[in-house]
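# Inside the fold
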Amino acid sequence: MKIDVLTLFPGMFAGPLDESMVKRARDAGILELRIRYLRDYAHDRHKTVDDRPFGGGPGMLLKPEPVFEAVEDLAAADTHVVLLTPAGRKFDQKIARELAGRERLLLICGSYEGFDERIREHLADDELSIGDYVLTNGALPAMVIIDAVTRLLPGVLGDDESALDESFSGGLIEYPQYTRPAEFRGWKVPEILLSGHHAEIAKWRLEQAWQRTQQRRPDLISETGAASPSVVRAKKDDL
Ligand code: 4G0
């Protein structure tokens with residue numbers, strides 16, 4: 001997969017994308033990632049990329065010319081062009097899977113108070129938000145999306161990790177997990193997990209996950225139906 005990022009803050013990307021799984025994916029040639037400096041596409045003396053909104057109001061907007069030039073330079077016919085904005089549809093695991101199926105992405109990081117509307121209307125295929133809060137610019141949202149998408153690319157995760165992903169993404173939140181020692185500072189690991197009764201352990205885990213989801217994330221159960229009682233029953237039948 002090829003991902004281009006258009007940003008006013010290329011320096012922010014050094015570090016997070018040179019570590020861990022994303023680094024491995026890049027080294028293995030599974031992910032080709034390039035950070036592009038938006039200001040390189042401004043041609044006036046001052047390399048202007050922003051301007052004040054017509055009609056007045058606070059803040060600055062990204063001007064259309066540099067962004068159009070950059071996209072025309074960087075995007076191929078099969079490129080999915082995404083704006084990062086708090087006004088976008090809310091990024092989640094389902095959208096991560098959708099993006100991971102694309103051949104090429106171009107992520108456009110906004111800054112200031114947003115984009116000239118013509119960028120939205122005539123350049124973007126999609127607008128995404130990583131959550132209901134405002135950041136100084138779209139670089140962190142872009143990195144979040146790159147990370148979530150990269151781990152879904154074939155060959156990036158090991159088989160075990162991929163299987164784990166399957167059972168939880170869009171379903172229930174995780175059940176309590178423990179590793180050694182069996183007793184730590186007087187706190188014991190639940191007996192059932194040490195019992196060796198695999199069917200009973202699976203049942204316990206599912207109950208825990210279901211309870212936790214009801215308590216902490218009822219939205220996962222009611223909104224999407226992803227973890228609806230019938231789905232959970234079906235999973236239970238699998239055990
Ligand atoms: C466009 C994304 C971009 C508009 C970007 C701000 C948070 C997110 C930006 C604005 C961002 C997110 C209207 C303030 C840049 N902040 N939640 N900042 N406005 O994904």
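Up top you'll find the structure we're talking about.
Residues numbered from 1 in each chain as written. Predicted model: local features only at pLDDT ≥ 70, side-chain atom pairs only at ≥ 80, totals over all residues. Heavy atoms only, no water.

## Description of the pattern of salt bridges
Pairing between side chains becomes possible if they bear opposite charge and their charged atoms approach one another. Note the threshold: Each salt bridge in this description consists of a side-chain nitrogen of Lys or Arg and a carboxyl oxygen of Asp or Glu lying within 4 Å of one another. The helix count covers DSSP runs of H or I at least four residues long, the strand count covers runs of E at least two residues long, and both are numbered beginning at the N terminus. For the exposure calls, accessible area comes from a 1.4 Å probe over protein chains only, and a residue counts as buried if that area is under 20% of its type's maximum, exposed if over 50%, partly exposed in between.
Across all of its chains, the model carries 14 salt bridges by this definition. Measuring nitrogen to oxygen at the nearest pair gives 2.9 Å for the salt bridge that ties D126 to R89. Residue D126 is located in strand 7 (residues 126–129), and its partner R89 is located in strand 5 (residues 79–90); the two are separated by 37 residues in the primary sequence. A relative accessible area of 9% places D126 in the buried class. Accessibility expressed as a relative area gives 35% for R89, which makes it partly exposed. With a closest N to O distance of 4.0 Å, E183 and K188 form a salt bridge. Classification of K188 as exposed rests on a relative accessible area of 62%. Salt bridges sharing partners connect three or more residues here, namely K2, D4, R36 and R104.

## Here we look at the site of the ligand
Note the threshold: Whether a residue is near a molecule or strand is decided by its heavy atoms; if any one of them lies within 4 Å of it, the residue is near. Here a polar contact is recorded for every N or O atom pair within 3.5 Å, except that within protein the pair must consist of a potential hydrogen donor and a potential acceptor, and residues adjacent in sequence are included only if both atoms are side-chain atoms. Note on areas: Shrake-Rupley with a 1.4 Å probe; residue coverage comes only from the protein chains shown.
Near the ligand, the surroundings consist of 16 residues, among which S129, I130, G131, Y133 and L135 are the closest. At 2.8 Å from an oxygen atom of the ligand is found a main-chain nitrogen or oxygen belonging to I130. A distance of 2.9 Å separates a nitrogen atom of the ligand from a polar atom in the backbone of L135. The fraction of the free accessible surface of the ligand (470 Å²) that becomes covered by protein chains is 89%.

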